[in-house]
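Here are the chains, one letter per residue:
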Amino acid sequence: MISINKPTEMPEKLRTAGKDATKDLCEKFDKGETKFEFDSKIYGHPEVKEALKTIQHDKCFLCESRISHISYGDVEHFRPKAGVCQNLKDKMSETGYYWLAYEWSNLFLACQICNQRFKKNLFPLEDRNKRSKSHSDDLSQEKHLFIKPDEENPEKHISFHGVFPYAEDRKGEITIQHAGLKRKELRESRSELYSKLKSLFNVVSMHPDYPPDKKQRAIEKLQEELKKCVSQQHQYSSMFKSAIRDKFRY
């Protein structure tokens, strides 16, 4: 995961239709309704999706895989809109964070595997008894255990040992587990990129007698590749930042 700089200005569709739809949901709740229908044409509108795609550099906000190469991607609700559960064994509650269904700060772009196979309606809290149940509750009382990358730096919670994500704390552990960040397919995708850069690193660092001109070209090539790999635009940039800190020892 990487930090995401989400602008406060939201897409027009959320500011207009989203605002009206939210008001309608809150009024229905106040009248006693607890089951709602949500309009994916609002939160999943092309304008919204394109804005998230740009902000996230076309990467899944959880696993950092490039999305457009293989799928359309899902507009994911950080706090689930229709129902929520603390862990996989729990029965999903009937009411989720309905009032955040069209809230800009609650929306991210995710790959379908992270969203549909792993995170789903999970949203664990340190204290489940402090979960907000309606639009009248105070969200600030919640201490969620998923990393929210537009509010905190994921690198404080997750680092990498080679291609394997490593939890620095409980929040990192929960995010790795419930976003499927250790899954085999993802590990293989990381490994393909990691092994190429590690080989180049080894050429530079393990051959002291290398001809000076060739070694200099190798160093320049390595520096160029490292700069690309740690940029926000690159797939798995958080992994490469850890690799550089660890000098590719894993």
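For the structure given in this document, a descriptive report is provided here.

Rules used throughout
- Residues numbered from 1 in each chain as written.
- Predicted model: local features only at pLDDT ≥ 70, side-chain atom pairs only at ≥ 80, totals over all residues.
- Heavy atoms only, no water.
- Helix = DSSP H or I, 4+ residues; strand = E, 2+ residues; numbered from the N terminus.
- Buried < 20%, exposed > 50% of the residue type's maximum accessible area, 1.4 Å probe, protein only.
- Contact = heavy atoms within 4.5 Å.
- Polar contact = N/O pair within 3.5 Å; in protein donor to acceptor, adjacent residues only side chain to side chain.
- 1 Å grid on protein atoms, 1.4 Å probe; cavity = no way out; pocket = protein on both sides within 12 Å on 5 of 7 lines; lining within 4 Å.
- Points joined across faces, edges and corners; volume = space filled by probe spheres on them.
- Nonpolar A, V, L, I, M, F, W, Y, C, P; charged D, E, K, R; others polar.
- Phe/Tyr/Trp six-rings, centres within 6.5 Å; stacked < 30°, edge-to-face > 60°.
- Lys NZ or Arg CZ within 6 Å of the ring centre and 35° of its normal.
- Arc of directions from axis to C-beta.
- Pairing = 2+ DSSP bridges.

Considerations on the environment of Arg128
Part 1 of the reasoning: By the secondary structure assignment, Arg128 is in the loop between helix H4 (112–119) and strand E3 (158–161).
Part 2 of the reasoning: Assessed through its relative accessible area of 42%, Arg128 is described here as partly exposed.
Part 3 of the reasoning: In this view, Arg128 contacts Gln86, Asn87 and Asp90; residues no more than four positions away in its chain are not counted.
Part 4 of the reasoning: A polar contact of 2.6 Å, which involves the side chain of Arg128, links it to the side chain of Asp90.

Quick word on empty space enclosed by the protein
Part 1 of the reasoning: Counting across every chain of the model gives 2 cavities of 30 Å³ or more.
Part 2 of the reasoning: In this structure, the largest cavity occupies an estimated 60 Å³ of space.
Part 3 of the reasoning: Residue lining of the largest cavity: Met1, Leu62, Cys63, Glu64, Ile158, Phe160, Leu181, Arg190, Tyr236, Ser238 and Met239, and that is the complete set.
Part 4 of the reasoning: Elements represented by at least two residues in the lining of the largest cavity include exactly E3 and helix H8 (237–245).
Part 5 of the reasoning: Per-class residue counts for the lining of the largest cavity are 8 nonpolar, 1 polar and 2 charged.

Focus on the packing of aromatic side chains
Centre-to-centre distance and the angle between the planes together describe a pair of aromatic rings.
Part 1 of the reasoning: In this structure the tally under the stated criterion is 13 aromatic pairs.
Part 2 of the reasoning: Ring geometry for Phe29 and Tyr98: centres 5.0 Å apart, planes at 20°, overall stacked. Highlighted residues: Phe29 in helix H1 (residues 12–30) and Tyr98 in the loop between strand E1 (74–77) and strand E2 (107–110), separated in sequence by 69 residues.
Part 3 of the reasoning: Put simply, the rings of Phe29, Phe36, Phe38, Phe61, Phe78, Tyr97, Tyr98, Trp99, Phe108, Phe123 and Phe146 touch in pairs and so form one group of aromatic residues.
Part 4 of the reasoning: Sitting above the plane of the Tyr97 ring, Arg79 keeps its charged end 5.7 Å from the centroid.
Part 5 of the reasoning: In this arrangement the basic side chain of Lys148 is found over the ring face of Phe78, its NZ or CZ atom lying 5.6 Å from the centre.

Describing H4
Part 1 of the reasoning: Within the span of H4, buried status applies to Cys114, Asn115 and Lys119. Along the axis of H4, the buried positions cluster into a sector of 95°, meaning they face one direction only.
Part 2 of the reasoning: Just downstream of H4 lies Lys120, where phi reads positive at about 50°.

Observations concerning the layout of surface pockets
Part 1 of the reasoning: Quantified by volume, the largest pocket comes out at close to 320 Å³.
Part 2 of the reasoning: Along the walls of the largest pocket sit 18 residues, with Ser65, Arg66, Ile70, Ser189 and Tyr236 positioned nearest its centre.
Part 3 of the reasoning: Those elements giving two or more residues to the lining of the largest pocket turn out to be H4 and helix H6 (184–205).
Part 4 of the reasoning: Broken down by element, the lining of the largest pocket gets its largest block of residues, 5 residues, from H6.

Observations concerning the pairing of E2
Part 1 of the reasoning: Across the two faces of E2 the burial is the same, with Leu107 and Leu109 and Phe108 and Ala110 all buried.
Part 2 of the reasoning: Two elements, E1 and E2, share 4 bridges in a ladder whose sense is antiparallel. In the strand pairing of E2, Asp74 is matched with Ala110.

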